[in-house]
There are 2 protein chains.
Amino acid sequence: MTDFNDKQIEILQVAENLFAEQGFDGTSVRDIAKSANINIAMISYYFGSKEKLLEALILYRISDMRLQMENLYREELTPIEKIDRLIELYIKRIHQNKGMYQIIHFEISSGKRIINCDAFNEMKKNNLEVLKNIIKEGQDKNIFNKDVNVVLLPTTIMGTYFHFQMNKPFFKDILNLNTQEDINNYVYNELTIHIKQTIKALLTYEK
Amino acid sequence: MTDFNDKQIEILQVAENLFAEQGFDGTSVRDIAKSANINIAMISYYFGSKEKLLEALILYRISDMRLQMENLYREELTPIEKIDRLIELYIKRIHQNKGMYQIIHFEISSGKRIINCDAFNEMKKNNLEVLKNIIKEGQDKNIFNKDVNVVLLPTTIMGTYFHFQMNKPFFKDILNLNTQEDINNYVYNELTIHIKQTIKALLTYEK
DNA sequence: ATCAAATTTAAACAAACGTTTAATTTAAAC
DNA sequence: GTTTAAATTAAACGTTTGTTTAAATTTGAT
């Protein structure tokens, strides 16, 4: 269904970086062509138009982004361990595809562009179901509290990550994160720990 | 220092809505002129350029956005009450100025535009200091845990809110939020409660 | 009523935009 | 080697972009 040749994939990757950096409207087809070392006409030739290139990019990445959360749910782990693993999985996936998410979020929240988000929403709904099952398991075992807004749990997890990303210049400044290496380390250690700690506290604290 | 006449303020408000909806690059000066019922040339006449209009807008809103957190800190409240009030204050302010924040975040995270964020960063640093003082007060009274990443607390608070905003179409769907009224209610009730609960759990839970 | 400054206008500007064209080169099949 | 389709190119297309111009209008003080 989504079969692109090497040339097309290279264009998609270049476009992904530019769209994430400068936005869709802020990136011209000439920018893309220059970065990918191709002729401008190749974009229309391969994808039809700039907007269809964006749609192709989203489909390409979503098909590459399927979480194996069901496997996680079936593993022999305590609910708390599952939550830990789930957060690690979440952060890793969105950190690796942060450019993609940045584009999608901007284009979604601005109702201007009409892009097909059905596949994206289906993925989110599915992830939410798996999470609900894990939470219910923990509640049945009297490990987790029952007055938790499960729908907003992924929002807190991903929101914390994305707000960190959005304010990267601020955190670079106050936390002395000079290289991309420093940032990756902070994300995979401090930030992940903070999120795990937060979610676990919310699920297990005594009133 | 930031003295705009009525006409300029109307242009700023119109521009704010359009920028938030369609992005800076996605909004033309003709769009702004049309919405504000003015001639295109008035934008250059009053602000110099489209980009200087954006800078004026940010300055205008930030000077309008000063949180009286110091007053909160000095009030006779328990640390937990202070945190509750602080979260209410945070959510109320960013929800009222969500368009502004959307613009700033996008323009900051894309390093493309060079806008003066110093005033914005100073505000954030100041808010962080006030929060640190409240947390320390709670820790000295043995109410709050000591192993909390305070720097990431506002990130979790605001990140949860913004990620909710960004995925508004998704939540509208699964939570049946049909009108703006429904959304405002959900933000000021369920969402605020969830955030308060989360932060309090993180600050007070037993290991 | 007069005059000067501030405001508003329509028109024009060059530059950049996304897209298309038609000609050329490359690659593969016979 | 010839043929045919695919890939690539430079050039041009018509719009739209942000900005400027110069003339017209409004405003407020004298």
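Criteria and cut-off values
- Residues numbered from 1 in each chain as written.
- Chains lettered and ligands numbered in written order.
- Predicted model: local features only at pLDDT ≥ 70, side-chain atom pairs only at ≥ 80, totals over all residues.
- Heavy atoms only, no water.
- Salt bridge = Lys/Arg side-chain N within 4 Å of Asp/Glu carboxyl O.
- Helix = DSSP H or I, 4+ residues; strand = E, 2+ residues; numbered from the N terminus.
- Buried < 20%, exposed > 50% of the residue type's maximum accessible area, 1.4 Å probe, protein only.
- Near = heavy atom within 4 Å.
- Polar contact = N/O pair within 3.5 Å; in protein donor to acceptor, adjacent residues only side chain to side chain.

- The name an unreviewed UniProt entry assigns to chain A is TetR family transcriptional regulator, from the organism Flavobacterium cauense R2A-7.

1. A word on the pattern of salt bridges
- Applying the stated criterion across every chain yields a total of 18 salt bridges over all chains.
- Linking A:Glu75 and A:Arg85 is a salt bridge whose minimum nitrogen-to-oxygen distance equals 3.3 Å. Of the two residues, A:Glu75 is situated in the loop between α5 (69–74) and α6 (79–96) and A:Arg85 in helix α6; the sequence distance between them amounts to ten residues.
- With a relative accessible area of 34%, A:Glu75 lands in the partly exposed category.
- Residue A:Arg85 is classed as partly exposed on the basis of its relative accessible area, which comes to 35%.
- Measuring nitrogen to oxygen at the nearest pair gives 2.9 Å for the salt bridge that ties B:Glu16 to B:Arg61. Here the residue B:Glu16 occupies a position in helix α1 (residues 6–22), and B:Arg61 occupies one in helix α4 (residues 50–63), the gap between them amounting to 45 residues. Across this residue pair, the class does not change: B:Glu16 and B:Arg61 are buried.
- Where salt bridges share partners, they join A:Lys82, A:Glu137 and A:Lys141 into one cluster.

2. Focus: the protein's contact with DNA strand C
- Neighbouring DNA strand C are 16 residues, the closest being A:Val29, A:Arg30, A:Ser49, A:Lys50 and B:Tyr45.
- Here the atoms of DNA strand C within 4 Å of the protein split so that 43% fall in sugar or phosphate, with bases taking the remainder.
- Contact distances for DNA strand C include 2.8 Å between a base nitrogen and a side-chain N or O atom of A:Arg30.
- Between DNA strand C and B:Tyr45 there is a distance of 3.0 Å, counted from a phosphate oxygen to a side-chain nitrogen or oxygen.

3. Structural notes on the protein's contact with DNA strand D
- The immediate surroundings of DNA strand D are formed by 16 residues, with A:Tyr45, B:Val29, B:Arg30, B:Ser49 and B:Lys50 found nearest.
- Take the atoms of DNA strand D that sit within 4 Å of the protein: sugar and phosphate atoms are 43% of them.
- Within the side chain of B:Arg30, an N or O atom sits 2.8 Å from a base nitrogen of DNA strand D.
- Those elements giving two or more residues to the surface near DNA strand D turn out to be α3 (41–47) of chain A together with α2 (29–36) and α3 (41–47) of chain B.
- Per element, the largest residue contribution to the surface near DNA strand D is four residues, and it comes from α3(A).

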